[in-house]
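# Structural features, examined
One-letter residues, chain by chain:
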Amino acid sequence: MDSRDWGTFLLPYDQAVEELKVKFKTMRSELKKREEYAPIEFVTGRVKKISSILEKAKRLNVSMDDLETGIEDIAGIRIMCQFVEDIRRVAEYIRMRKDLKVLYEKDYITNYKESGYRSFHMIVEYPVQTALGQKNVLAEIQIRTLAMNFWATIEHSLNYKYRESLPEEMRARLKKAAEAAFVLDNEMSSIRQEILLAQKSFEDDSNIVSSLLAAIHQLYFYHLVSEAIDAQHRFNELWEAKDFEGIKDLLTEVKDLIKQHKKVEEPGDEL
């Protein structure tokens, strides 16, 4: 058994995972603001367990001295997308980044595994600033759809249970499930535009509600108490009726009321 201090050994990988998660979540937020749609649904990350590192090193015949270069997924990032088309778009964004270096890619979507596994992998070199200086660590970024991720998570759990020796019947059922996930992804892609429009409509309505409630609260700030109570009452009725057009109109009324009051309370400087 290797006698190294595993806690110290894994520190740079912990740091890499946390930093990359933040960076890709920030990328998602920025793309959403710029384009009203982000190809990234959500991001997760993990550092490989010590037992898994040792098992993989044994399976790949990697010596304990070569773990940092021989095991490329000690640090792992997983990026989930809604649609298959989003995967290559996210991969292109990653290739353009200057804060990491893509070493190579493994396309298991075009060239899916015999088991049915589909995903897009990128092995990257990421510089971590440690107390002792910069250290470059390897990380694996997996980009996949939600359906691909569901299937892969189940397959991983079953492989762990059966120690990589899945019964043939189980393999066949998993492969059939992978084909079903593939069909689901294709169906979602075929109605992509309708899905995006529905999601945008829902988000727009949510933003209008938030804006109206904030504006009603602002009425209290200007001591327009009766107006605020009336607006809140009207909002409650409109919300119960799911009348979003009426909510939009009410938002315009409240904003106009605030604007008029500002003119009275804060007149412009006289020349």
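Residues numbered from 1 in each chain as written. Predicted model: local features only at pLDDT ≥ 70, side-chain atom pairs only at ≥ 80, totals over all residues. Heavy atoms only, no water.

## Topic: the overall build of the chain
Each helix and strand in the chain was counted, giving nine helices and five strands. Listed by position from the N terminus, the elements making up the chain come as α-β-α-α-β-α-β-β-β-α-α-α-α-α. Rg of the C-alpha trace for the chain: 26 Å, well past the compact-globule value of 18 Å for 271 residues, more than 25% over. Principal-axis analysis of the C-alpha atoms places the extent of the chain at approximately 80 × 50 × 30 Å. In the chain, which comprises 271 residues, the proportion classed as buried is 37%. The long-range fraction of contacts in the chain, counting pairs at least 24 apart against all pairs at least 6 apart in sequence, stands at 63%. Of the roughly 16800 Å² of accessible surface on the chain, 54% is carried by carbon and sulfur atoms. (Helix = DSSP H or I, 4+ residues; strand = E, 2+ residues; numbered from the N terminus. Rg over C-alpha atoms; globule rule 2.2 N^0.38 Å. Buried < 20%, exposed > 50% of the residue type's maximum accessible area, 1.4 Å probe, protein only. Contact = heavy atoms within 4.5 Å. Areas by Shrake-Rupley, 256 points an atom, 1.4 Å probe, with all protein chains shown as cover.)

## Focus: the pattern of salt bridges
Scanning the model with the defined rule gives 18 salt bridges in all. One salt bridge connects Glu30 with Arg34, and the closest N-O pair in it is separated by 2.8 Å. Of the two residues, Glu30 and Arg34 both sit in helix H1 (residues 6–35), four residues apart, roughly one turn of that helix. Given a relative accessible area of 41%, Glu30 falls into the partly exposed group. For the salt bridge of Glu253 with Arg234, the shortest nitrogen-to-oxygen distance reads 3.0 Å. Here the residue Glu253 occupies a position in helix H9 (residues 244–265), and Arg234 occupies one in helix H8 (residues 225–240), the gap between them amounting to 19 residues. (Salt bridge = Lys/Arg side-chain N within 4 Å of Asp/Glu carboxyl O.)

## A short note on the sheet that holds strand S4 (residues 120–130)
With mixed pairing, the five strands of this open sheet are ordered in space as S1-S2-S5-S4-S3. What marks the edges here is a single partner per strand, and that holds for strand S1 (42–47) and strand S3 (101–107). Averaged over all adjacent pairs, the angle separating strand axes in this sheet is 25°, with direction ignored. Here six bridges tie S1 to strand S2 (residues 75–81), and the two strands are oriented antiparallel to one another. Paired with Thr44 across the strands is Arg78, a residue of S2. Across the sheet, helix H4 (residues 84–96) lies against S2, S3, S4 and strand S5 (133–145), angled at about 165° from S5, the strand it touches most. Here helix H5 (residues 146–161) sits on the sheet in contact with S1, S2 and S5, set at roughly 105° to S5. (Pairing = 2+ DSSP bridges. Axes fitted to C-alpha atoms, helices over the stretch in contact; angles between N-to-C directions.)

## Some thoughts on the packing of aromatic side chains
Taken as a whole, this structure holds seven aromatic pairs when the rule is applied. On the numbers, 5.5 Å between centres and 80° between planes, the contact of Trp6 with Phe9 is edge-to-face. In this pair, Trp6 and Phe9 both sit in helix H1, three residues apart, roughly one turn of the helix. As far as the burial class goes, Trp6 and Phe9 line up, both buried. With a centroid separation of 5.7 Å and 45° between ring planes, the pair formed by Phe9 and Tyr13 is classed as tilted. Of the two residues, Phe9 and Tyr13 both sit in helix H1, four residues apart, roughly one turn of that helix. (Phe/Tyr/Trp six-rings, centres within 6.5 Å; stacked < 30°, edge-to-face > 60°.)

## With respect to the environment of Phe83
The residue Phe83 is located in the loop between S2 and H4 in this model. Among the residues examined, Phe83 registers a relative accessible area of 2% and is labelled buried. In the structure, Phe83 is positioned 64 residues away from Glu19 in sequence and 25 Å away in space, judged by C-alpha atoms. Contacts of Phe83, omitting those with residues within four sequence positions, involve Tyr37, Thr145, Met188, Ser189, Arg192, Ile195 and Leu196.

## Concerning the domain arrangement of the chain
Assigned domains within the chain: domain 1 (6–166) and domain 2 (168–270). Spacing between the C-alpha centres of domain 1 and domain 2 amounts to 34 Å. Facing the 23 residues of domain 1 at the interface are 19 residues of domain 2. Elements that contribute at least two residues to the side of domain 1 that touches domain 2 include exactly H4 and H5. Considering each element in turn, the side of domain 1 that touches domain 2 owes the most residues, six residues, to H5. Tallied by class, residues from the side of domain 1 that touches domain 2 come to ten nonpolar, five polar and eight charged. (Domains from an automatic or database assignment. Nonpolar A, V, L, I, M, F, W, Y, C, P; charged D, E, K, R; others polar.)

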